[in-house]
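In case you want the letters, here they are:
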Amino acid sequence: MTTQAEAVCVILGGGGHAQVLIDSIHLSGMRWPQAILDADQSRWGQMILGVPILGGDELLPELVRRGFTCFAIGLGGIGDNRPRQRLFELGLFYHLEPLTIIHPAAIRSQWAEIGPGSQIFPGSIINAGARLGQNVIINSGAIVEHECSLSDHVHVATGARLASTVQVGRGAHIGAGATVKQCLIIGEGAIVGAGATVIKNVPAHAVVVGVPARPLRQAGSECEWFIPEEEKP
Ligand code: JB2
C-alpha cells in the first residue's frame, strides 16, 4: 500500500464532480492528482484546477506503466450509479488503489466505517455506527445518521438526509435534499428523487419522488412501483 505522500493519482471523469473531488484531495493533505481521464475527446488537453485531462480511459494501462498507484472516480453520475461502478471496477482491474477522500470540513464519527474509494464531501455528517461500503459518495452537506448502512456505489447527493438505521442497497441514489425516515430500507439500484420525503421502504430499482415519496407512474399504467424495462425479470 502506498502512503498518501507517495500516491500518484489519476481521476476518472473530469466534470463538475471532479472539481470538488480535487479540492477535497488537496485539503485532505494528500498529494495533488497528476492526471484526469475523460470520455469526452473535446476536453482532452484542458485542465481542471491545474490537473491535465490527458485522454480517455484507454490510457489507464499506460499510466500504470508510468508509475500511477491510485485512482479516484471523478464522475458524480446523478441518478445512475452504474457508470461510477464500472469505472471503479476498471481502476481495480488495473490494480490501482482506490483513494478514500474525507474533506476536513466533514464531520465523521470515529465509530463510523468508511469503505475504500468513498468520498466524503464538505459539510457532511456521518454519525457513530454508520457503515459505508466501497465507492460511496456522501455529497456536500448530506447527513448519514447513526447506524445507517450503505452498500457499495451508493450516492447520497447534496443536502440529503438519512435518519438513523436506514439501509441503502448497492448502487442506490438518494437525490439532493431528499429525506429518508429512520429504519427504512432503500433497495438496490433504487432512485429517490431530489427533495422527496421517504416514509416507507423503497423496492429495488424503484424510482420514488415527492412528499411523501410515491413511485413514479409509468405512462398508461396504474400507480405501481416503477421498474425500468431492462431491470424486469
Ligand atoms: O466512462 C467514462 C465517462 N463517462 C462520462 N470515463 C471517463 N473517464 N469519463 C467519463 N465521463 C465524463 O465525466 C464526461 O465526459 C464528463 O466530462 C464527466 C461528467 O461531468 P458532468 O459535469 O457532466 O457530471 P458530474 O458527474 O461531474 O457532476 C454531476 O454530478 C455531481 C454529483 C453534476 O450534475 C454536479 O452538479 C453534481 N454535483
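Just so it is clear, the structure is predicted and the values come from calculations on it, not from any experiment.

Caption draft 1: Quick look at the pairing of strand β4 (residues 51–55). The pairing of strand β2 (residues 35–37) with β4 spans two bridges and is parallel. Each residue of the ladder has a partner; that of Leu-37, found in β4, is Gly-55. Of the pairings in the sheet, the one linking strand β3 (residues 47–48) to β4 comprises two bridges and is antiparallel in character. By the bridge assignment for β4, Ile-48 is matched with Val-51.

Caption draft 2: Representation of the domain arrangement of the protein. Partitioning the protein into domains gives domain 1 (9–99) and domain 2 (102–214). Contact residues are listed per partner, giving 19 residues for domain 1 and 22 residues for domain 2. For domain 1, the biggest contributors to the area lost against domain 2 are Asn-81, Arg-84 and Phe-88; these three give 31% of the whole. Linking domain 1 to domain 2 there are zero salt bridges.

Caption draft 3: Spatial organisation of the sheet that holds strand β14 (residues 143–144). With parallel pairing, the six strands of this open sheet are ordered in space as β8-β11-β14-β17-β20-β23. Edge positions in the open sheet fall to β8 (107–108) and β23 (197–198), since each of these has one partner strand only. Bridging between β14 and strand β17 (residues 161–162) involves two bridges; their strand directions are parallel. Each residue of the ladder has a partner; that of Ile-143, found in β17, is Arg-161.

Caption draft 4: Spotlight on the packing of aromatic side chains. Applying the stated criterion across every chain, the model contains two aromatic pairs. Judged by centre distance (5.6 Å) and plane angle (55 degrees), the ring pair of Phe-71 and Phe-88 falls under tilted. With Phe-71 in strand β5 (residues 70–73) and Phe-88 in helix α3 (residues 82–93), the pair connects residues that are 17 residues apart, well separated along the chain. With 5.1 Å between their ring centres and 90 degrees between their planes, Phe-93 and Tyr-94 make a pair best called edge-to-face. A residue is classified by how much of its surface remains accessible, and Phe-93, at 58% relative accessible area, is exposed. The class for Tyr-94 is partly exposed, based on a relative accessible area of 25%.

About the criteria used
- Residues numbered from 1 in each chain as written.
- Predicted model: local features only at pLDDT ≥ 70, side-chain atom pairs only at ≥ 80, totals over all residues.
- Heavy atoms only, no water.
- Pairing = 2+ DSSP bridges.
- Helix = DSSP H or I, 4+ residues; strand = E, 2+ residues; numbered from the N terminus.
- Domains from an automatic or database assignment.
- Contact = heavy atoms within 4.5 Å.
- Buried area = accessible area lost by both parts, 1.4 Å probe.
- Salt bridge = Lys/Arg side-chain N within 4 Å of Asp/Glu carboxyl O.
- Phe/Tyr/Trp six-rings, centres within 6.5 Å; stacked < 30°, edge-to-face > 60°.
- Buried < 20%, exposed > 50% of the residue type's maximum accessible area, 1.4 Å probe, protein only.

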